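Residues per chain, in single letters:
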Amino acid sequence: MQSNGGDPHLGPILISHDDLHSRIGALGAQITADYQGRPPLMVGVLKGAFVFMADLVRCIDLPVEVDFMAVSSYGSATKTSGVVRIVKDLDVDLTDRHVLLVEDIVDSGLTLSYLRKNLMARGPASLEVCALLAKQTEHDVDDEVRYVGFDIPDEFVVGYGLDVAERHRNLRDVRQYLTDDAT
Ligand code: 5GP
């Protein structure tokens, strides 16, 4: 039986730990093939991407480098507004680097579009995006996200790095979270 950890809003498993691991293995193999001869600088977006990033880099057979940035977006508890603030910037210079941005989830795409503009202004040789999850909304993210782990329904999810009010990041699986304003 799945525990709800004392949180009655915690819903069923949407993507199991095993499914996460096999899909991330496949993403790692694809990235390894695509970046032969030009190892990427992988930029994780904190905090949500930290678990995904840790597993993904270990599935890539290339001398990758990693860096992190932290952003905070304004909006309700479950929807972003697109107004993004960089809370922690990168340590490395992106000039002429092959940058692979690693995101936890793309919903409206507003956060991603802000980050893309911001990073492109720093003169990378290339910039691609890898997102663990992409929500099926009216907004089509296929043009903007080169690597997608899973397309998921337009529902709020937690676990595997994703939080609600800083909780549940440590869940092994991605689970639904039943909120009033998540629809
Ligand atoms: P967007 O700007 O694409 O609408 O939202 C992206 C950001 O909102 C994600 O990086 C994540 O922090 C947050 N977010 C969007 N959907 C979800 C969700 O279902 N669960 C959680 N925990 N965060 C989400």
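Here is what the cut-offs are and how they apply
- Residues numbered from 1 in each chain as written.
- Predicted model: local features only at pLDDT ≥ 70, side-chain atom pairs only at ≥ 80, totals over all residues.
- Heavy atoms only, no water.
- Helix = DSSP H or I, 4+ residues; strand = E, 2+ residues; numbered from the N terminus.
- Buried < 20%, exposed > 50% of the residue type's maximum accessible area, 1.4 Å probe, protein only.
- Contact = heavy atoms within 4.5 Å.
- Axes fitted to C-alpha atoms, helices over the stretch in contact; angles between N-to-C directions.
- Parallel < 35°, antiparallel > 145°, perpendicular 65-115°, else oblique.
- Left-handed = near helix turned anticlockwise from the far one by under 90°.
- Nonpolar A, V, L, I, M, F, W, Y, C, P; charged D, E, K, R; others polar.
- Salt bridge = Lys/Arg side-chain N within 4 Å of Asp/Glu carboxyl O.
- Pairing = 2+ DSSP bridges.

1. Notes on the overall build of the chain
Now for step 1: Along the backbone of the chain there are three helices and nine strands.
Now for step 2: Helices and strands appear in the chain in the N-to-C order β-α-β-α-β-β-β-α-β-β-β-β.
Now for step 3: Here the chain holds 183 residues, and 45% of them are scored as buried.
Now for step 4: Long-range pairs, those at least 24 residues apart, make up 65% of the contacts in the chain with a sequence separation of at least 6.

2. Things to note about the packing of helix 1 (residues 17-34) against helix 2 (residues 50-57)
Now for step 1: At a minimum axis distance of 9 Å, the contact between helix 1 and helix 2 shows a crossing angle of 60 degrees. Our classification of the angle between helix 1 and helix 2 gives oblique. Handedness of the crossing formed by helix 1 with helix 2: right-handed. The residues of helix 2 that touch helix 1, namely those facing His 21, Ile 24, Leu 27, Gly 28 and Ile 31, are Phe 52, Asp 55 and Leu 56.
Now for step 2: Looking at the contact of helix 1 with helix 2 residue by residue, the class counts come to five nonpolar, two polar and one charged.

3. Considerations on the pattern of salt bridges
Now for step 1: The final tally for this structure, using the stated rule, is 11 salt bridges.
Now for step 2: Measuring nitrogen to oxygen at the nearest pair gives 3.9 Å for the salt bridge that ties Lys 88 to Asp 91.
Now for step 3: On the accessibility criterion, Lys 88 (30% relative accessible area) is partly exposed.
Now for step 4: Connected via shared salt-bridge partners are Lys 47, Asp 163, Glu 166 and Arg 169.

4. So, the sheet that holds strand 1 (residues 10-15)
Strand pairing in a sheet is mediated by backbone hydrogen bonds. Such pairs are either parallel or antiparallel.
Now for step 1: Taken together, three strands build an open sheet; the order of strands is 1-9-8 and the sheet is antiparallel. Taken across any chain shown, the strands that pair with only one partner, and hence form the sheet edges, are strand 1 and strand 8 (157-158).
Now for step 2: Here three bridges tie strand 1 to strand 9 (residues 174-177), and the two strands are oriented antiparallel to one another. Bridged to Ile 15 within strand 9 is Val 174.

5. Quick look at unusual backbone geometry
Now for step 1: The linkage connecting Leu 46 with the following residue, Lys 47, adopts the cis geometry, with an omega of 0 degrees.
Now for step 2: Looking at the element boundaries, Lys 47 is found in the loop between strand 2 (41-46) and helix 2.
Now for step 3: With a phi close to 50 degrees, Tyr 160 is a non-glycine residue in the positive phi region.
Now for step 4: By the element assignment, Tyr 160 lies in the loop between strand 8 and strand 9.
Now for step 5: In this structure Tyr 160 comes out as buried when scored by relative accessible area, which is 3%.

6. Quick look at the environment of Ile 86
Now for step 1: Topologically, Ile 86 is positioned in strand 4 (residues 80-88).
Now for step 2: Expressed as a C-alpha distance, the spacing of Ile 86 and Ser 72, which sit 14 residues apart in the sequence, is 6.5 Å.
Now for step 3: The contact partners of Ile 86, leaving out residues within four places of it in the chain, are Met 69, Ala 70, Val 71, Tyr 114, Asn 118 and Arg 122.

From the geometry alone we can't say anything about function, so treat these as descriptive.
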